[in-house]
Amino acid sequence: MNELGLVARFVHLAASILTVGSAAFLIIAGHSDRATARRWQAQVQRLMRALVVMALAAGVVALAQQAASLEQRPRAAVEPAALWRVAVETHAGAVWIVRQSLLLLLGGFIFARADVSRRVDWRAARAY
C-alpha cells in the first residue's frame, strides 16, 4: 500500500508542477493572432485540463492511502469518516485541503473557456 501512496504523491506533485509551469509558459509566450500560435495555445490548455484532473484524482488516492495507513486497515481508504478524520485532524490533511482547493480554483479558470481573441481580453484573463 505504501507504493501506491508514493506513486499517487509523485503523480499529484508532477501534474501540479506541470500545470503551473504550463500556465506560466502561456503567459511568457504572450498573445498572438497567428493560427499556429492559437492552435498551440489550445493544445497547451487541453493538456492543462488533463493535468488538473490527474492531479485532483491522484490527490484523492493519496488521501485514501494516508487514511488506510494511519488507521492501519485497508478498508479505511474508502470510509468517509476515516477520510474526514485524516483531512481535518492532521497536518497532512490540512495541506491536502489547501492543495486540492487551489487545484479546483485553477481548474475552474482552465475549464472556463473565455473569449480571449482580443489582446485586452487576453491580458485581463491572464492578469498580465
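Here, every reference points to the structure presented above.
Procedures and definitions
- Along each chain, residues carry numbers from 1 onward, in the same order as the chain's sequence is written.
- With the structure being a predicted model, the display of local features is reserved for residues of pLDDT at least 70 and the display and counting of side-chain atom pairs for 80 or more, all residues being used for whole-chain, interface and lining totals.
- The side-chain figures draw on all heavy atoms in the structure; neither hydrogens nor water molecules are used.
- To qualify as a helix, a DSSP run of H or I must reach at least 4 residues; to qualify as a strand, a run of E must reach at least 2; elements of each kind are numbered from the N terminus.
- Partly exposed residues are those whose accessible area sits between 20% and 50% of the maximum for their type, while under 20% is buried and over 50% is exposed, using a 1.4 Å probe and protein chains only.
- Contacts were defined at the residue level, with two residues in contact if any of their heavy atoms lie within 4.5 Å.
- For the area figures, the Shrake-Rupley method with a 1.4 Å probe applies, and any residue is considered shielded solely by the protein chains shown.
- Residues grouped as a nonpolar core are buried Ala, Val, Leu, Ile, Met, Phe, Trp, Tyr and Cys residues, joined through side-chain atoms within 4.5 Å.
- Angles run from 0 to 180 degrees between N-to-C directions of axes, and those axes are lines fitted to C-alpha atoms, restricted for helices to the stretch in contact.
- These descriptions rest on fixed angle ranges, namely under 35 degrees for roughly parallel, over 145 for roughly antiparallel, 65 to 115 for roughly perpendicular, and the rest for oblique.
- Residues are grouped as follows: Ala, Val, Leu, Ile, Met, Phe, Trp, Tyr, Cys and Pro are nonpolar; Asp, Glu, Lys and Arg are charged; all remaining types, including Gly, are polar.
- Multiplying one less than the number of residues by 1.5 Å gives the expected span of a helix.
- A patch consists of residues exposed above 30% relative accessible area that lack any salt bridge, with like charges linked at up to 9 Å and nonpolar side chains (Val, Leu, Ile, Met, Phe, Trp, Tyr) linked at up to 5 Å.
- By salt bridge we mean one thing: a side-chain nitrogen of Lys or Arg within 4 Å of a carboxyl oxygen of Asp or Glu.
- Put simply, a crossing is left-handed when the front helix is turned counterclockwise from the back one by less than a right angle, and right-handed when it is turned clockwise.

1. Observations concerning the overall build of the chain
- When you go through the chain residue by residue, the secondary structure sums to five helices and zero strands.
- Helices and strands appear in the chain in the N-to-C order α-α-α-α-α.
- For the chain, with 128 residues in total, the buried portion stands at 30%.
- Counted over contacts in the chain with a minimum sequence separation of 6, partners at least 24 positions apart contribute 62%.
- With the model as given, the accessible surface of the chain reaches about 8400 Å², and the carbon-plus-sulfur share is 67%.

2. A short note on the nonpolar core
- One finds Ala15, Leu26, Val44, Met48, Leu51, Val52, Ala55, Leu56, Leu103 and Ile110 forming the largest nonpolar core, which totals ten residues.
- Those elements that place two or more of their residues in this core are α1 (2–29), α2 (35–71) and α4 (91–111).
- Here this core gets six residues from one element, more than from any other, and that element is α2.
- Once residues within four sequence positions are removed from consideration, methionine 48 is found in contact with Thr19, Ser22, Ala23, Leu26 and Ile110.

3. Focus on the packing of α2 against helix α3 (residues 80–89)
- Taken N-terminus to C-terminus, the directions of α2 and α3 make an angle of 95°; their axes are 9 Å apart at the nearest point. Taken together, the axes of α2 and α3 are roughly perpendicular relative to one another. Between α2, through Leu63, Ala64, Gln66, Ala67, Leu70 and Glu71, and α3, the contact on the second element is made entirely by Ala82, Leu83, Arg85, Val86 and Ala87.
- In terms of residue class, the contact of α2 with α3 is built from eight nonpolar, one polar and two charged.

4. Comments concerning the environment of valine 11
- Positionally, valine 11 belongs in helix α1.
- In this structure valine 11 comes out as partly exposed when scored by relative accessible area, which is 26%.
- Residues valine 11 and alanine 58, spaced 47 residues apart in sequence, show a C-alpha to C-alpha distance of 6.2 Å.
- What valine 11 contacts, discounting residues up to four positions off in sequence, is Met54 and Ala58.

5. Here's the deal with α2
- Across its 37 residues, α2 extends 54 Å between first and last C-alpha, which sits within 8% of the 54 Å expected from 1.5 Å per residue.
- Two residues or fewer after α2 comes glutamine 72, characterised by a positive phi angle close to 60°.

6. Remarks on a nonpolar patch on the surface
- The grouping of Val98, Leu102, Leu105 and Phe109 at the surface amounts to a nonpolar patch, some 440 Å² of accessible area in total.
- With respect to the helices and strands, leucine 102 occurs in helix α4.
- Among the residues examined, leucine 102 registers a relative accessible area of 53% and is labelled exposed.

7. Regarding the packing of α2 against α4
- Between α2 and α4, the least distance of the axes is 10 Å, while the angle of their chain directions is 160°. Comparing the axis directions of α2 and α4 gives the class roughly antiparallel. With respect to the hand of their crossing, α2 and α4 are arranged in left-handed fashion. The segment α2 lies against α4, with Gln45, Met48, Arg49, Val52, Val53, Ala55, Leu56, Gly59, Val60 and Leu63 engaging Trp96, Gln100, Leu103, Leu104, Gly107, Ile110 and Phe111.
- Broken down by class, the residue content of the contact of α2 with α4 amounts to twelve nonpolar, four polar and one charged.

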